[in-house]
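Below, each chain spelled out in residue letters.
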Amino acid sequence: MTAFELAPYLTAQGAEVEQALERAVVVMEAALADDVGAAIRHGVMSGGKRVRPVLCVTAYRACGADASPAAYDLAASLELIHAYSLMHDDLPCMDDAELRRGRPTTHKVHGEELTARAGAVLIPAAALQAYRAASALGCGPDVAKRVASRLMEASGAGGMVGGQWLDLMGEGQALGAEDLDGLHRRKTGALLKASLELGALAAEAPGPVVEALSTYGRAIGLAFQIADDILDATSSAETLGKNPSDAELDKSTYVSLYGLDEARMRASEQVDTAIAALAEAGIQAPALVALAGYIVEREN
Ligand code: GRG
């Protein structure tokens with residue numbers, strides 16, 4: 001059996017995702033004043049690994065469905081939420097960051113007020129896009145609603161927003177393992193897990209397959225954050241495209257809690273858990289296996 005080539009896969013899938021994001025941004029630009037449109041474009045069309053949409057479309061395919069432009073539109077809805085979260089996260093009232101993806105952050109170029117507004121535009125746009133894309137993929141209204149609800153649940157108080165809240169409240173405190181896991185399962189993990197779930201739900205996969213992809217997503221979500229903490233502690237602004245900030249913001253991290261070696265071991269255990277979930281459900285998806293490894297081996 002030949003090994004799965006992840007790099008060309010990421011390039012090809014990333015290009016489709018860029019096109020879907022461009023379609024979404026053009027619609028928002030047409031509906032809004034030029035200055036808000038420009039801030040949205042800055043926040044969305046600014047590179048990034050596009051991991052969430054690639055996971056979504058890969059899960060969709062792993063369930064036996066063929067990826068079409070609508071599948072990438074569905075996948076792009078996750079990236080719209082991710083983009084808004086980074087635009088708001090970088091604001092002075094949150095992490096106060098100047099650099100993102102190797103460029104000045106959105107508020108450094110377009111100002112705080114426009115960035116706050118532009119980020120807010122992306123939330124309902126993402127929900128609507130998820131619903132419409134699922135419908136275009138042939139899902140009935142109940143399934144399309146479930147897809148859009150899953151995205152919003154993962155983005156909201158029980159997911160990403162709730163996790164960010166805990167993160168901000170936790171600055172300057174030494175969090176224990178349980179609190180740190182709880183925070184990151186929401187802040188980073190919820191949207192990554194939803195990426196798999198949206199793909200599986202839109203493909204109308206059987207329950208056990210949806211469950212297995214959800215388990216995979218939960219495990220790689222945690223692995224992703226552990227890897228993020230390791231990169232923040234060991235890499236440079238040049239490689240990361242953003243300034244390492246955990247120490248400066250006095251945040252508890254997996255590295256401060258466990259040290260580098262144990263953090264690496266825990267990330268690798270989560271990758272094993274993710275891959276085992278696929279195997280147990282009989283899901284043949286070399287791309288998902290390769291993506292799980294990439295999540296902990298990435299350089300930025
Ligand atoms: C109202 C409290 C409140 C929050 C609003 C700002 C916000 C919502 C949430 C922030 C969530 C956040 C910043 C999560 C971090 C997730 C993370 C690890 C980001 C880095 O993701 P990558 O590596 O980035 O995929 P690229 O640049 O590749 O897209």
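To start, this report covers the structure provided alongside it. It should be emphasised that the depicted structure is a prediction, and the values quoted were computed from it without experimental measurement.

### Focus on the pattern of salt bridges
Part 1: For the structure on display, the rule yields 20 salt bridges.
Part 2: Residue Arg101 is joined to Glu79 by a salt bridge in which the shortest nitrogen-to-oxygen separation is 3.4 Å. You can see Arg101 sitting in the loop between strand 1 (99-100) and strand 2 (103-104) and its partner Glu79 sitting in helix 4 (residues 69-89), a full 22 residues away along the chain.
Part 3: Here Glu79 falls in the buried class, since its relative accessible area comes to 1%.
Part 4: Taking the shortest distance from any N to any O, the salt bridge between Arg150 and Glu197 comes out at 2.2 Å. With Arg150 in helix 7 (residues 141-155) and Glu197 in helix 9 (residues 177-202), this residue pair connects regions lying 47 residues apart in the sequence.
Part 5: Of the residues examined, Glu197 reaches a relative accessible area of 6% and is grouped as buried.

### Observations regarding the packing of aromatic side chains
Part 1: Inspection of the entire model under this criterion finds two aromatic pairs.
Part 2: Considering the side-chain rings of Phe4 and Tyr9, the 5.3 Å spacing of their centres and the 65° angle between planes classify their relative orientation as edge-to-face.
Part 3: Note on Tyr254 and Tyr258: the rings are 6.2 Å apart at their centroids and 10° apart in plane angle, and the pair reads as stacked. Of this pair, Tyr254 and Tyr258 both sit in helix 12 (residues 254-258), four residues apart, which is roughly one turn of that helix. For the pair shown, Tyr254 and Tyr258 are each scored as buried.
Part 4: Positioned above the aromatic ring of Tyr258, the side-chain terminus of Arg266 is 3.9 Å from the ring centre.
Part 5: Its guanidinium or amino end placed over the ring of Phe224, Arg298 lies 3.8 Å from that ring's centre, counting from NZ or CZ.

Conventions used here
- Residues numbered from 1 in each chain as written.
- Predicted model: local features only at pLDDT ≥ 70, side-chain atom pairs only at ≥ 80, totals over all residues.
- Heavy atoms only, no water.
- Salt bridge = Lys/Arg side-chain N within 4 Å of Asp/Glu carboxyl O.
- Helix = DSSP H or I, 4+ residues; strand = E, 2+ residues; numbered from the N terminus.
- Buried < 20%, exposed > 50% of the residue type's maximum accessible area, 1.4 Å probe, protein only.
- Phe/Tyr/Trp six-rings, centres within 6.5 Å; stacked < 30°, edge-to-face > 60°.
- Lys NZ or Arg CZ within 6 Å of the ring centre and 35° of its normal.

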